[in-house]
2 protein chains.
Amino acid sequence: MLADAQHLDNQDALKSMRAAFALPPGIIYLDGNSLGPLPIVARERALEVTAGQWGTDLITSWNKHQWIDLPIICGEQIAPIIGAGPDQVVCCDSISVNLFKVLSAALAMQGDRKKVITTEDNFPTDIYTVEGLQGQLGPDRCELIKVAEEDIEHSLDDSVAVLLVTQVNFRSGKMLDMQALTKAAHKKGIMVVWDLAHSAGAVPVELDAYYADFAVGCTYKYLNGGPGAPAFIYVAKRHQAHFQQPLSGWMGHAAPFAFDNRYVPAQSIRQNLSGTPPVLSMSVLNAALTLWADIDMAHVRAKSVALSEFFLAALKNLGLDDELRCIAPLIAGERGSQLAFRHAHSYAICQAWIDAGVIADFRAPDILRIGFAPLYLSFTDLWQACEKLKEVMEKKAYLGEKYQRKLAVT
Amino acid sequence: MLADAQHLDNQDALKSMRAAFALPPGIIYLDGNSLGPLPIVARERALEVTAGQWGTDLITSWNKHQWIDLPIICGEQIAPIIGAGPDQVVCCDSISVNLFKVLSAALAMQGDRKKVITTEDNFPTDIYTVEGLQGQLGPDRCELIKVAEEDIEHSLDDSVAVLLVTQVNFRSGKMLDMQALTKAAHKKGIMVVWDLAHSAGAVPVELDAYYADFAVGCTYKYLNGGPGAPAFIYVAKRHQAHFQQPLSGWMGHAAPFAFDNRYVPAQSIRQNLSGTPPVLSMSVLNAALTLWADIDMAHVRAKSVALSEFFLAALKNLGLDDELRCIAPLIAGERGSQLAFRHAHSYAICQAWIDAGVIADFRAPDILRIGFAPLYLSFTDLWQACEKLKEVMEKKAYLGEKYQRKLAVT
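Here the residue index of a chain counts from 1 through its sequence in written order. Chains and ligands are labelled sequentially in the order written, the chains with letters from A and the ligands with numbers from 1. Whole-chain, interface and lining totals are the exception, using all residues; otherwise, since this is a predicted model, local features are given only for residues with pLDDT of at least 70 and side-chain atom pairs are given and counted only at 80 or more. Note: side-chain values were computed over all heavy atoms of the structure, leaving out hydrogens and water.

Q: Break down the interface of chain B and chain A for me, with residues and values.
A: In what follows, a contact means two residues having at least one pair of non-hydrogen atoms within 4.5 Å. Counting from both sides, the interface comprises 85 residues of chain B and, opposite them, 85 residues of chain A. Taking both partners together, chain B and chain A bury about 7100 Å²; carbon and sulfur atoms supply 68% of that area. Looking only at chain B, the three residues that lose the most surface to chain A are Trp54, Tyr128 and Phe259 of chain B, adding up to 12% of its buried area. The working definition used for a salt bridge is a side-chain nitrogen of Lys or Arg within 4 Å of a carboxyl oxygen of Asp or Glu. Run the count over chain B and chain A and you get 0 salt bridges. Pairs of N or O atoms are called polar contacts if they sit within 3.5 Å, as long as, within protein, a hydrogen donor faces a hydrogen acceptor (for residues adjacent in sequence, only side-chain-to-side-chain pairs). For the interface between chain B and chain A, the tally reads 34 residue pairs in polar contact (both at pLDDT 80 or more). Put simply, DSSP marks the helices as runs of H or I at least four residues long and the strands as runs of E at least two long, and each gets a number from the N terminus on. Of all the elements in the fold, those that place two or more residues in the side of chain B that touches chain A are α2 (40–57), α3 (61–64), α5 (95–109), α6 (124–137) and α9 (279–289) of chain B. Polar here means any residue outside two lists: the nonpolar Ala, Val, Leu, Ile, Met, Phe, Trp, Tyr, Cys and Pro, and the charged Asp, Glu, Lys and Arg; Gly therefore counts as polar. For the side of chain B that touches chain A, a count of residues per class yields 46 nonpolar, 27 polar and 12 charged. What counts as buried area is the accessible surface, traced by a 1.4 Å probe, that two parts surrender upon association, with contributions from both included.

Given below as structure tokens:
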């Protein structure tokens with residue numbers, strides 16, 4: 001299949017993008033769904049923002065180098081990637097903190113309705129945030145209801161305030177139908193919060209076209225913004241005049257530099273800013289996002305699907321498809337840009353594969369997760385990765401003591 | 001007074017620290033109370049964490065380079081600077097977000113009491129955060145009461161839940177008596193949240209000795225952690241078992257990597273972590289904090305007082321003390337590490353002074369604010385700065401069109 005891989009690489013519409021990344025030699029990186037690799041412009045920006053801006057221009061950099069505008073600038077860079085028009089996306093805080101903001105605001109906009117529905121296998125922070133809000137407001141004002149993914153639609157009735165769903169499941173890679181679910185929820189007067197952690201930069205998202213209400217998302221996975229880079233938040237224009245989030249820090253004030261002693265919320269997406277943003281991280285993110293300026297998300301999706309299909313075919317070709325049970329949907333249109341496999345020794349296999357030069361990741365309890373990032377992965381990478389996996393599986397190297405389970409990290 | 005300045009510089013116990021900073025040539029920086037300058041180790045770390053860690057070791061850096069431990073490591077570096085024993089300080093989010101966490105948790109620990117007292121000229125974000133919480137919980141569960149600084153003690157009675165105070169006023173530089181106020185509040189069963197934004201690294205703070213409850217603070221001012229570097233939060237050990245903050249993100253779970261779908265809060269300072277931290281910013285902060293390892297806060301305070309006293313004397317010597325009305329306490333023991341002056345043209349004066357190579361800052365409506373950072377400022381710097389100010393004032397250069405007011409930033 002090496003020849004097939006090389007043929008696909010030659011035809012790849014995105015192949016020129018690989019040169020934009022500082023990929024470590026000898027490593028095949030299948031974990032861009034957890035932490036994207038370093039774009040070369042991001043490396044340059046890290047030095048520039050530190051030595052050239054902070055070091056040289058000190059406090060004056062807030063205006064001179066537009067630090068004060070970074071949350072808005074980065075938000076506008078992300079907007080087209082997720083199908084959002086201007087003035088609806090801002091970059092700030094973490095997904096967890098942003099979820100708290102939108103959930104609080106959405107719940108407050110729903111009057112007496114108190115139910116928040118989410119999926120039982122949603123990413124933990126999504127569930128935990130509703131629990132936190134429920135603990136704070138009390139069960140008479142916020143009630144968490146967890147349902148199975150397949151039961152979401154049945155659970156929507158006119159007693160529900162908010163539906164909180166992640167488009168692409170972090171374990172299985174299963175992708176929900178955002179347009180259909182949003183429509184079904186709206187029919188019952190329910191507001192929907194979409195978590196785009198595994199979507200932004202990976203699959204086409206059309207927030208405005210789907211008439212979405214709110215969304216949050218991550219910039220350090222497919223958007224390659226750097227470890228723990230600030231998250232983003234989307235509030236549809238039509239909601240901004242009624243939206244009031246409780247983390248009312250000074251940066252979200254209508255006039256932050258008036259230092260007024262009464263909070264007047266900015267009635268714009270800026271209201272979601274709370275404290276002073278981490279400029280070094282956000283400036284590096286700003287540089288990383290420049291890579292997306294001319295990217296067509298249709299190309300990204302087409303290559304993503306081709307990569308994961310090729311990977312499945314390669315596993316089959318190498319006789320690994322029985323032992324590694326795929327739990328991602330086998331229909332490409334129903335999954336995001338990842339695959340997930342179950343194996344009793346997933347953790348150890350993942351470690352032994354890393355030793356062989358292929359970085360994927362493990363998710364408790366027994367999942368080997370493989371991300372396909374179309375901007376820098378080649379089909380040849382995948383073939384080589386599968387050949388190495390074949391070696392790991394055949395020699396059962398993963399049973400060795402050194403691959404025993406330790407702490408793993410997202 | 002130049003000879004006096006040189007004499008003081010020769011005797012300076014902290015003079016060797018200046019070499020640890022990358023100070024831009026030809027600039028005298030009196031704004032370290034807004035954004036500390038670049039430590040050389042921080043510049044090196046920015047490159048290392050970007051190219052050397054993220055770029056080379058990718059996702060494995062979470063364990064290999066201890067990214068996962070950075071919030072705790074930085075917290076333990078800050079602890080001795082603010083008089084805190086181990087396991088009580090963690091680095092995360094912004095002051096605004098951290099205030100929301102501690103205020104929510106403290107209020108919940110206070111049963112039926114709902115009043116939160118703060119000062120009417122507190123830093124806006126402190127006031128706004130209480131307003132945000134009041135808006136979210138409703139006035140029957142959270143009631144903001146603003147009092148004048150001099151009325152704090154009178155306002156404390158047993159109907160009050162929480163006292164939220166900033167030790168050093170961001171405008172005037174006035175320093176409150178932390179020990180006395182904490183004691184007075186405790187007598188009435190009130191919990192106290194201290195905002196140490198203008199204290200940490202500037203004045204001695206003894207949280208444990210004062211029997212403090214909670215504190216938050218900033219790392220990008222006197223601690224030189226970089227623009228918007230993550231803030232910190234202190235929760236006294238005795239409160240940690242009963243403390244529950246509502247921003248229950250996955251990093252604050254007792255076992256974050258179990259990916260459990262029910263939130264079990266870490267009953268430790270780690271519970272204050274919410275989402276994934278901005279690693280680039282926090283790693284640079286970690287490097288900047290190494291400068292404090294052998295610093296004696298008594299030396300810092302002694303030099304801080306000497307610097308501000310010298311500055312006042314220099315203004316007097318140059319005949320500027322009438323025109324620039326000092327609103328900071330004239331008794332050194334009653335102020336933090338800054339001075340503040342009122343002038344109708346403060347904004348323009350600040351801009352003209354910047355053009356002359358001296359960076360101070362302006363705070364609305366009419367305040368010229370000068371910070372004294374003992375780690376890198378010399379007495380000779382101050383004398384030269386005052387001489388340049390004299391020129392600005394004499395020539396009235398500040399009346400020129402180019403110094404008209406634009407946006408200023410903290």
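Q: Quick rundown of the pairing of strand β6 (residues 191–195) of chain A? Include the residues and the values.
A: All names here are of chain A. The rule is simple: take the accessible area with a 1.4 Å probe, protein chains only, and divide by the maximum for that residue type; under 20% is buried, over 50% is exposed, in between is partly exposed. Of all 5 residues making up β6, 5 are buried, and the element is well covered by its neighbours. Strand pairing requires that DSSP identify at least two bridges connecting the strands. Relative to β6, strand β5 (residues 160–166) is paired through 5 bridges, and the arrangement is parallel. Its bridge partner lying in β6, Leu164 is registered against Val193. Two strands pair when backbone bridges link them, and β6 and strand β7 (residues 214–217) are joined in this way by 3 bridges, in the parallel orientation.

Q: Please give an account of the domain arrangement of chain A that cites residues and values.
A: Residues and elements named next belong to chain A. How far each domain reaches was decided by an automatic or database domain assignment. Looking at chain A, the domain boundaries give domain 1 (2–30 + 296–403) and domain 2 (47–292). Facing the 26 residues of domain 1 at the interface are 18 residues of domain 2. Between domain 1 and domain 2, roughly 1700 Å² of surface is buried when both sides are summed, and carbon and sulfur atoms account for 65% of that area. It is Met297, Arg301 and Gln338 that lose the most area in domain 1 upon contact with domain 2, and together they represent 29% of the buried surface on that side. In this structure, the connection of domain 1 to domain 2 is made through 0 salt bridges. Among the elements that take part in the side of domain 1 that touches domain 2, helix α10 (residues 297–317) stands out by supplying 4 residues, more than any other. When its residues are assigned to classes, the side of domain 1 that touches domain 2 shows 15 nonpolar, 6 polar and 5 charged.

Q: Please give an account of helix α11 (residues 346–355) of chain A that cites residues and values.
A: Residues and elements named next belong to chain A. Among the 10 residues of α11, 7 are classified as buried, and the element is accordingly described as predominantly covered. Those residues of α11 not exposed but buried are Ser346, Tyr347, Ala348, Ile349, Cys350, Ala352 and Trp353. Of the surrounding secondary structure, the elements contacted by the buried residues of α11 are α10, β10 (338–342), β11 (358–359), β12 (361–363), β13 (367–371) and α12 (379–395). Remark: Gly357 follows α11 within two positions and exhibits a positive phi of approximately 100 degrees.

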